[in-house]
Structure formats: C-alpha cells, structure tokens
Amino acid sequence: MTAEPLPAWFTPPPGGWTADDMDHLPPGAPRMELIDGALVLLSPQTGFRSKVMRRLANALEDAVPEGVDVMHEMTMKLGRYQRPEPDLLVYRYEEGDEEHLDWHRMTHVPPVDVLIAVEIVSEESQDRDRTTKPLKYAQAGIPHFWRIEFEDKGPAIHVYELDGVRDPRYVPVTIARERLKLDVPFTIDIDVKALARR
C-alpha cells in the first residue's frame, strides 16, 4: 500500500511558514496552529474536551462585562512564526471598533486584547499546553492563563496570572475542582464539576 503524496500547499513557502500564511491555506486544509514556524495538526477532540469547552464558553459568556467577548478555537498572532490556537479566548473590544464590527470575518485575535487564554489538555497536547504555549502566552503579555486537566473525579482548572515584575511568566493562583470564584479580570463564579457532567 502506497502512501498518498502530501498536498502541494503543505510544502513550506520560501523562508518557512509565518503567521500570515495561515490565512491563505486552502479551505480543505485541516485545522492547524503554528508553533515556532512549524505547522501542528490538531487532533480530533475528545468528548471531555468538547463538553468542557462548550459549557465553559457559555459560563464565561454569562459572566463577561460589556466590551468583553468569548471565542473558541480562534488563533492569535504572537509573532512572525507563532500563531497558536487556544481552546478558548476571552478578549476585550471597543464599541465602534471597525475590526470588531467585522468579527464574522476575523481569523485571529490580537494578543494585546486577550484577557484569558484557556487550554484543555489532551493526551497529544500535554507538552504544548503545559509548557510551550503558556511560555509564549506569557511572553506576549496575556494576563491570565487557565489550563484544564482531566482528573478521575472531573475537570480541574489550573488558574495562572502573569507576573509582570520579573521576566514574563505565570504564577499559580488556584486549582479549582468544585467551584471557581475569581474577582479578576472580572467577577467569575463557575461550577467546575458541572462542566463535564453527563
């Protein structure tokens, strides 16, 4: 059995893939993100990830103040060779902002507008979600990072906040397994156990 040849578009352009190149992939291309100039194919999602992402997005949409929105599976351009795709993004916008008014066409959210980046860890994404991507989010100045892990008794939300005093890095705030209550970046009260309930 012979393997099918890779499609022509999969060949890197001269100088390698850039964040801008991601907007010119053909419609049939699989979902991908760009990490350090390398295309990373995104695996099919699990039932846990799908349910938690949908319910958490709904809970955050109920909590966000005016001028803040929630997107799932939307990329950010963090630099020429970085275009990661968090599972959820909470970002701010200004009313009357032309770019936001054209939100139905946007393909990325500028990192300067992002308040929270959320990653739901899967088996194949462990290293990226626990190490690589948080480092890049911190370097981009994203103030809050949440990492959601699957545990025997349900989801656990690991909450981090940017430490701006030293080199940009995240410091742990809390791990929520029952209920997540926060005052920043806005008032949040989420039933964590209910996120993955059948």
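Notes on the structure in this doc start here. None of the values given here were measured: they were computed from a predicted structure. (Residues numbered from 1 in each chain as written. Predicted model: local features only at pLDDT ≥ 70, side-chain atom pairs only at ≥ 80, totals over all residues. Heavy atoms only, no water.)

1. Overview of the nonpolar core
In terms of nonpolar packing, the biggest core is built from 27 residues, with Leu56, Leu60, Trp146 and Leu180 touching the most fellow members. At the level of elements, helix H1 (47–63), strand E3 (68–72), strand E4 (88–92), strand E5 (114–120), strand E6 (144–151), strand E7 (154–163), strand E9 (179–182) and strand E10 (188–191) are the ones that each hand at least two residues to this core. Per element, the largest residue contribution to this core is 6 residues, and it comes from H1. Setting aside chain neighbours within four positions, we find leucine 56 in contact with Leu88, Val118, Trp146, Ile148, Ile190 and Leu195. In this structure, Met71, Met106, Ala138 and Tyr160 belong to the second largest nonpolar core, which totals 17 residues. (Core = buried A, V, L, I, M, F, W, Y, C linked by side-chain atoms within 4.5 Å. Buried < 20%, exposed > 50% of the residue type's maximum accessible area, 1.4 Å probe, protein only. Helix = DSSP H or I, 4+ residues; strand = E, 2+ residues; numbered from the N terminus. Contact = heavy atoms within 4.5 Å.)

2. With respect to the environment of valine 184
Position of valine 184 among the secondary structure elements: in the loop between E9 and E10. Residue class for valine 184 comes out partly exposed when judged on its relative accessible area of 43%. Along the primary structure valine 184 and proline 65 are separated by 119 residues, whereas in three dimensions their C-alpha atoms are 12 Å apart.

3. A closer look at the packing of aromatic side chains
For any pair of aromatic rings, geometry is given as the distance between the ring centres together with the angle between the planes. Scanning the entire structure with this criterion turns up 5 aromatic pairs. By the ring-pair criterion, three or more aromatic residues cluster together here, those being Tyr137, Phe145, Tyr160 and Tyr170. (Phe/Tyr/Trp six-rings, centres within 6.5 Å; stacked < 30°, edge-to-face > 60°.)

4. Some details on the layout of surface pockets
Considered as a void within the structure, the largest pocket measures approximately 270 Å³ in volume. Around the largest pocket, the lining comprises 14 residues; the ones closest to its centre are Met22, Leu25, Met32, Thr75 and Glu85. Here the residues of the lining of the largest pocket sort into 7 nonpolar, 2 polar and 5 charged. The calculated volume of the second largest pocket comes to roughly 230 Å³. For the second largest pocket, the lining is made up of 21 residues, of which Arg49, Asp87, Ser122, Glu124 and Ser125 are closest to its centre. Listed by contribution, the elements that provide at least two residues to the lining of the second largest pocket are E5 and helix H3 (126–139). (1 Å grid on protein atoms, 1.4 Å probe; cavity = no way out; pocket = protein on both sides within 12 Å on 5 of 7 lines; lining within 4 Å. Points joined across faces, edges and corners; volume = space filled by probe spheres on them. Nonpolar A, V, L, I, M, F, W, Y, C, P; charged D, E, K, R; others polar.)

5. Quick look at the pairing of strand E2 (residues 38–41)
The pairing of strand E1 (residues 32–35) with E2 spans 4 bridges and is antiparallel. In the sheet register, methionine 32 faces E2, and the bridge partner there is leucine 41. (Pairing = 2+ DSSP bridges.)

6. Quick look at H1
Between its terminal C-alpha atoms H1 stretches 24 Å, which fits the 24 Å expected from 17 residues at 1.5 Å a residue. Those residues of H1 that are buried lie in contact with E3, E4, E5, E6, E7 and E10. (Expected span 1.5 Å × (residues − 1).)

7. Regarding H3
Spanning 14 residues, H3 covers 20 Å between terminal C-alpha atoms, matching the ideal 20 Å at 1.5 Å per step. Lysine 133 marks where H3 bends most, by close to 35°; the proline proline 134 follows one to four residues later. Every buried residue belonging to H3 is among Arg128, Asp129, Lys133, Pro134, Lys136, Tyr137 and Ala138, and all of these are buried. Each element contacted by the buried residues of H3 is listed here: E1, E2, E5, E6, E7 and strand E8 (169–176). Once H3 finishes, glycine 141 follows within two positions and takes phi at roughly 85°, a positive value. (Bend = angle between axes of the 7 residues up to and from the residue.)

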